[in-house]
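Structural characterization, general
Each chain, written out:
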Amino acid sequence: MSGPSTYVPANGFTRWLDSRLPILRLMNDTMTSFPTPRNLNFWYTFGGILTFCLAVQIVTGIVLAMHYVPNDKMAFDSVENIMRDVNYGWLLRYVHANGASMFFLAVYIHMFRGLYYGSYKAPREVLWILGVVIYLLMMATGFLGYVLPWGQMSFWGATVITNFFSAIPVVGESVTHWLWGGFAVGDPTLNRFFSLHYLLPFVIAGVVGLHIWALHVPGNNNPLGIDVKGPQDTVPFHPFYTAKDAFYLVLFAILFAGLVFYSPNFVGEVDNYTPANPLVTPEHIVPEWYYLPFYAMLRSVPDKLLGVLTMFGAIAILFFAPWLDTSKVRSARFRPLLKPAFWLLVADCLILGYVGKNKPDAMLLSTGIPLLWIGRIGTLYYYGYFLVLLPILGLIETPKPLPESIAKAVGDKSHAAE
Ligand code: HEM
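Residues numbered from 1 in each chain as written. Predicted model: local features only at pLDDT ≥ 70, side-chain atom pairs only at ≥ 80, totals over all residues. Heavy atoms only, no water.

Let's talk about the packing of aromatic side chains
Scanning the entire structure with this criterion turns up 33 aromatic pairs. Look at Tyr-44 and Tyr-117: their rings are 6.0 Å apart centre to centre, the planes differ by 25°, and that puts the pair in the stacked class. Placement of the pair is Tyr-44 in the loop between strand E1 (35-37) and helix H3 (46-65) and Tyr-117 in the loop between helix H5 (89-116) and helix H6 (125-147), with a sequence separation of 73 residues. Classification of Tyr-117 as buried rests on a relative accessible area of 2%. Here the aromatic rings of Phe-104 and Tyr-108 are separated by 6.2 Å at their centres, their planes lie at 40°, and the arrangement is tilted. Pair noted here: Phe-104 and Tyr-108 are both in helix H5, with a separation of four residues, about one helical turn. Judged by relative accessible area, Tyr-108 falls into the buried class, the value being 18%. Members of the aromatic cluster, connected to one another through ring pairs, are Tyr-44, Phe-112, Tyr-116, Tyr-117, Phe-342 and Trp-343. (Phe/Tyr/Trp six-rings, centres within 6.5 Å; stacked < 30°, edge-to-face > 60°. Helix = DSSP H or I, 4+ residues; strand = E, 2+ residues; numbered from the N terminus. Buried < 20%, exposed > 50% of the residue type's maximum accessible area, 1.4 Å probe, protein only.)

Pasting the structure below:
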């Protein structure tokens, strides 16, 4: 699909450069002439949006780090100083903090899009696996960053999460002390978390490079999930998708700005405006919203080690999705059984998020149904989707007839956006 290069150097300089460092050729072939299926919809604009999010986090993070002090006595005050005294420090911090949420919102849409259109299936397995690696790195980076303001939720969140490692048999306690750099979460922990929080976004950027490389070998999947059969099925990436991506990027940026300027603490936790105090545990320790479904899974299992395994397993299972799905058809549009199962998975993750947000002994509204049990059923469905439904539905389902080609389907109302 990436095919032979279409680049023709326009002048003497570009000819000279091309025979020494063909970077303009690479840019042309990947971002200008790249043949892209002509039927990509709105959900395909999130890859570009994610690249924007990563850039925003790196730029704002680097400037914040110029003023932030990674020391347990000074971290909290240094963040307050950024908010009050550094020129536009409030803006930098709010963009960075809300940027993390926007980044996760975009990545969840991007991942569910991949699950719906079967983009993880052959020949895009490596592309998908690299995506899961990025997601894991994002989770780690978000957690490390949340500890840095050294508020109550930072401190206690770090204590809860690092304590997971103490569930490892025999060496658990030593591993946890090694992570802390002491016998409790403290100054050495804060220092190493800062160092790693600075490092990981660059590692993510590297893996994104591989992700996009792996995308350009087979080319994009598309909402129909069928292969590109010839030039009539594609359009050049520029100007068609540069324009479309830019349009939705602006809409995304407006939503982002709305959050930053009108409700900058909407996703924040009030307890994190109280300095960390190892002697006072907050009444209710909750992670950021993007970890909540996993937190619900952790708490749905009464045993600590099994709970931790259930939680990490929920991410690990994503690596195997390409081989768990037995269907020959990619897109859920043509899979009458997978489609409702997929939407139930989306609802399940939202419900698990709700369960994770509430106290472990809470009831569902005023029904008297323990949320703990809803969390357990939700966890079972999550695992069931990957381990039971993906393998079995592919074998028993009769897919709807696939269109002959992308070109034929474009303009045909029965395949209108879905
Ligand atoms: C920093 C995070 C990420 C960036 C910058 C990124 C970037 C991109 C870009 C630019 C594309 C092509 C445009 C599009 O399809 O939207 C893409 C496609 C894709 N990404 Fe990502 N991605 C990220 C994270 C992830 C994650 C976490 C996953 C899955 C776990 C993932 C899975 C995929 C798949 C399967 C495709 C191919 C989709 C298709 O062709 O149907 N990506 N990504």
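Back to the write-up after that little detour.
Things to note about the domain arrangement of the protein chain
According to the domain assignment, the protein chain contains domain 1 (35-281) and domain 2 (286-405). Averaged C-alpha coordinates put domain 1 and domain 2 at centres separated by 22 Å. Contacts between the two partners involve 46 residues from domain 1, matched on the other side by 39 residues from domain 2. Taken together, domain 1 and domain 2 are joined by three salt bridges. Across the pair Lys-121 and Asp-325 runs a salt bridge whose closest N-O atoms are separated by 3.3 Å. Taken together, domain 1 and domain 2 are joined by 16 residue pairs in polar contact (both at pLDDT 80 or more). When residues of the side of domain 1 that touches domain 2 are traced back to their parent elements, those giving at least two are H5, H6 and helix H7 (152-163). If you tally residues by element for the side of domain 1 that touches domain 2, the top one is H6, at 12 residues. When grouped by side-chain class, the residues that make up the side of domain 1 that touches domain 2 number 31 nonpolar, eight polar and seven charged. (Domains from an automatic or database assignment. Contact = heavy atoms within 4.5 Å. Salt bridge = Lys/Arg side-chain N within 4 Å of Asp/Glu carboxyl O. Polar contact = N/O pair within 3.5 Å; in protein donor to acceptor, adjacent residues only side chain to side chain. Nonpolar A, V, L, I, M, F, W, Y, C, P; charged D, E, K, R; others polar.)

Concerning the nonpolar core
Among the nonpolar cores identified, the biggest contains 106 residues, and Tyr-135, Tyr-382, Tyr-385 and Phe-386 are the most heavily contacted of them. Looking at this core, you find at least three residues from each of domain 1 (35-281) and domain 2 (286-405). In contact with Phe-386, not counting residues within four places along its chain, are Leu-115, Ile-317, Leu-318, Ala-321, Leu-324, Leu-345 and Pro-391. If you look at the next biggest cluster of nonpolar residues, it comprises six residues, including Leu-224, Val-329, Phe-334 and Ala-409. (Core = buried A, V, L, I, M, F, W, Y, C linked by side-chain atoms within 4.5 Å.)

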